[in-house]
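What follows is each chain in one-letter form.
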Protein chains: 2
Amino acid sequence: MMTLLKPLDQTLKVGIFVCPGYFLGDVVGVQTVFGCSPNTEIHLVWKTLDPIDASPRWPTMATTTFEECPDIDVLAVGLIPPDVIADPEVIAFFQQKSKSASAVIGSCGGSLMLGAAALLEGRRATASMAFVDALEDLGAIPVPGGQVVVDGKFYTAGPATGSFEAALIALAALRGEEIAKVIELGIEYDPHPPFKVGSPELAGPELTEQALGMYREAADACIAAARSAYEAYRGRPL
Amino acid sequence: MMTLLKPLDQTLKVGIFVCPGYFLGDVVGVQTVFGCSPNTEIHLVWKTLDPIDASPRWPTMATTTFEECPDIDVLAVGLIPPDVIADPEVIAFFQQKSKSASAVIGSCGGSLMLGAAALLEGRRATASMAFVDALEDLGAIPVPGGQVVVDGKFYTAGPATGSFEAALIALAALRGEEIAKVIELGIEYDPHPPFKVGSPELAGPELTEQALGMYREAADACIAAARSAYEAYRGRPL
């Protein structure tokens, strides 16, 4: 039997990164899966505890600041705006907190954030369809296909449901597969996509072009920010 | 071609119910699917705009109160605590706002809330595995199985991913299947459950008993609250 990284009698501390404009749907799986597990603390981390708004709208407040954030076992990030990805204070936070974490989860554009902080160098990683190819410019080995990619303690995934799946897989690694199965059932994670077009392969090129077109400009700005941050930080000792 | 209930040039107003202890994962699909759609407004509705906390932890603020809430096209609710389900002010809100809404979504324990407000009488409806049978005591016809159930303008679903699926199906009814497909692909809704135990049928009786046991007490309290509220309100003109 696999040794548990974090036995159930020790509190598992989960830090979820939030900021103005964070994409709620990309991190909610981490909150749901770990938050429903026994002996777990959820921390929402940002620079301040002032009210912020998500994208789409969801007024939120962090529960701890960069300075006050305890050492965490799990660090998670989803899609965030370009100015946050490139913010040196944010980069420093990810570089510092990922050192002691046992699992680092990037969902959708969250993988760009990890790459910007030079954390994915030489690692296999994925992201949403708009971002996955760009991971190569951040020193990573892009893995398309919509499945969670695990490389060491780095768990990367696509958007929305990707955060549920990455969290379930990380929970199994940290706490054992038994509890991960109970949670998968407890949240009845047995999805039935209504239109069965949730990947470029299922949807075909025309619909894929249309979907990518809806947010290409925003996506390109995130990629550009991650690239320039990575160029500034690569090769430096973390 | 089907007539759209809400043409794209008219703003679609989505009201999501929040309260102390609301289960974030049950309504985030509504926020993500509608919030990523063009010309849509998301409103978080509660009695006050004061900070509240979700369950698990997610400090949130409503964007509008019961009194200030505009007429909405979509009304959505997930699992909420028993004292809120049985609150006469909350019941009145659901009875009033559901009248003019074109789609009313209940995910997980949200179906109990709709049933408590006597909105599911004679209707086919579903909920999470812990709640679905109890819908009969609220005058509804329970439909187990984990698929979204649509009866008139009422869309009911299981927990977590249920809210994504109910929202995609409601979006198709309101705005047309074309845009619903673009959103399903845009959020890459093509899940791969890691352990494939996300329903009682997949998990078997032993694991099901274990998962239900984790939250039986809390679930029973929600059911009791919904039953007693329904008994008080059934048969009254809405």
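To keep things clear, this report deals only with the structure shown in the data block.

What to know about the nonpolar core
Counting 184 residues, the largest nonpolar core has Ile85, Ala116 and Ala226 of chain A together with Val74, Ile85, Ala116 and Ala226 of chain B as its most contacted members. Among all residues touching Ala226 of chain B, those that are not within four sequence positions of it are Ile85, Leu112, Gly115, Ala116, Ala134 and Leu138 of chain B.

Looking at the sheet that holds strand S8 (residues 149-151) of chain A
All names here are of chain A. Taking strand neighbours across the sheet as the criterion, the seven strands line up as S3-S2-S1-S4-S5-S9-S8 in an open arrangement whose pairing is mixed. Of all the strands in the sheet, just strand S3 (64-65) and S8 have a single pairing partner and so form its edges. Of the strand pairs in this sheet, strand S4 (residues 74-77) and strand S5 (residues 103-107) are connected by four bridges, and their pairing is parallel. Each bridged residue has a counterpart across the sheet, and for Val74 the counterpart in S5 is Ala103. Sheet contacts for helix H5 (residues 161-175): strand S1 (12-17), S4, S5, S8 and strand S9 (154-157); angle to S5, the most-contacted strand, approximately 170°.

Here we look at the packing of H5 of chain A against helix H6 (residues 177-186) of chain A
Residues and elements named next belong to chain A. H6 packs onto H5 with a crossing angle of 145° between their chain directions and a minimal axis gap of 7 Å. Across from Leu168, Leu171, Ala172 and Arg175 in H5, the residues of H6 making contact are Glu177, Ile179, Ala180, Ile183 and Glu184. Grouping the constituent residues of the contact of H5 with H6 by class yields six nonpolar, no polar and three charged.

Description of the relation of the copies chain A and chain B
Aligned on chain B, chain A shows an RMSD of 0.0 Å; the corresponding rotation is 180° and the shift along the axis is 0.0 Å. Taken together, the turn and the small shift mark the pair as related by a two-fold rotation axis. Taking C-alpha positions as the reference, the residue of chain A nearest the rotation axis is Thr60 of chain A, at 2.2 Å. By residue overlap, the copies meet face to face through one surface: 100% of the interface positions of chain A are interface positions in chain B.

What to know about the interface of chain A and chain B
The partner chain B presents 53 residues to the 53 residues of chain A that form the contact. Counting residues per element, the ones that place at least two in the side of chain A that touches chain B are helix H1 (28-35), strand S2 (40-46), H5, H6 and helix H7 (200-233) of chain A. A per-element tally of the side of chain A that touches chain B places H7 of chain A first, with seven residues. Here the side of chain A that touches chain B is built from residues that sort into 30 nonpolar, 17 polar and six charged.

Focus: the environment of Pro56 of chain A
Inspection of the secondary structure puts Pro56 of chain A in the loop between S2 and S3. It is 6.8 Å that separates the C-alpha atoms of Pro56 of chain A and Phe23 of chain A, two residues lying 33 residues apart in sequence. In contact with Pro56 of chain A, not counting residues within four places along its chain, are Gln31, Gly35, Cys36 and Ile42 of chain B.

Section: the environment of Arg123 of chain B
Residues and elements named next belong to chain B. Note on placement: Arg123 falls in the loop between helix H4 (110-116) and strand S6 (124-125). When the 21 C-beta atoms within 10 Å are taken as the criterion, Arg123 is described as buried. Sequence separation of Arg123 and Tyr215 is 92 residues, and the distance between their C-alpha atoms is 27 Å. Leaving out residues up to four positions away in the same chain, Arg123 has contacts with Ala140, Ile141, Asp151, Gly152 and Phe154.

Reading the values: rules and limits
Residues numbered from 1 in each chain as written. Chains lettered and ligands numbered in written order. Predicted model: local features only at pLDDT ≥ 70, side-chain atom pairs only at ≥ 80, totals over all residues. Core = buried A, V, L, I, M, F, W, Y, C linked by C-beta atoms within 7 Å. Buried ≥ 20, exposed ≤ 12 C-beta atoms within 10 Å, placed from the backbone. Contact = placed C-beta atoms within 7 Å. Pairing = 2+ DSSP bridges. Helix = DSSP H or I, 4+ residues; strand = E, 2+ residues; numbered from the N terminus. Axes fitted to C-alpha atoms, helices over the stretch in contact; angles between N-to-C directions. Nonpolar A, V, L, I, M, F, W, Y, C, P; charged D, E, K, R; others polar. Least-squares fit on C-alpha atoms with pLDDT ≥ 70 in both.

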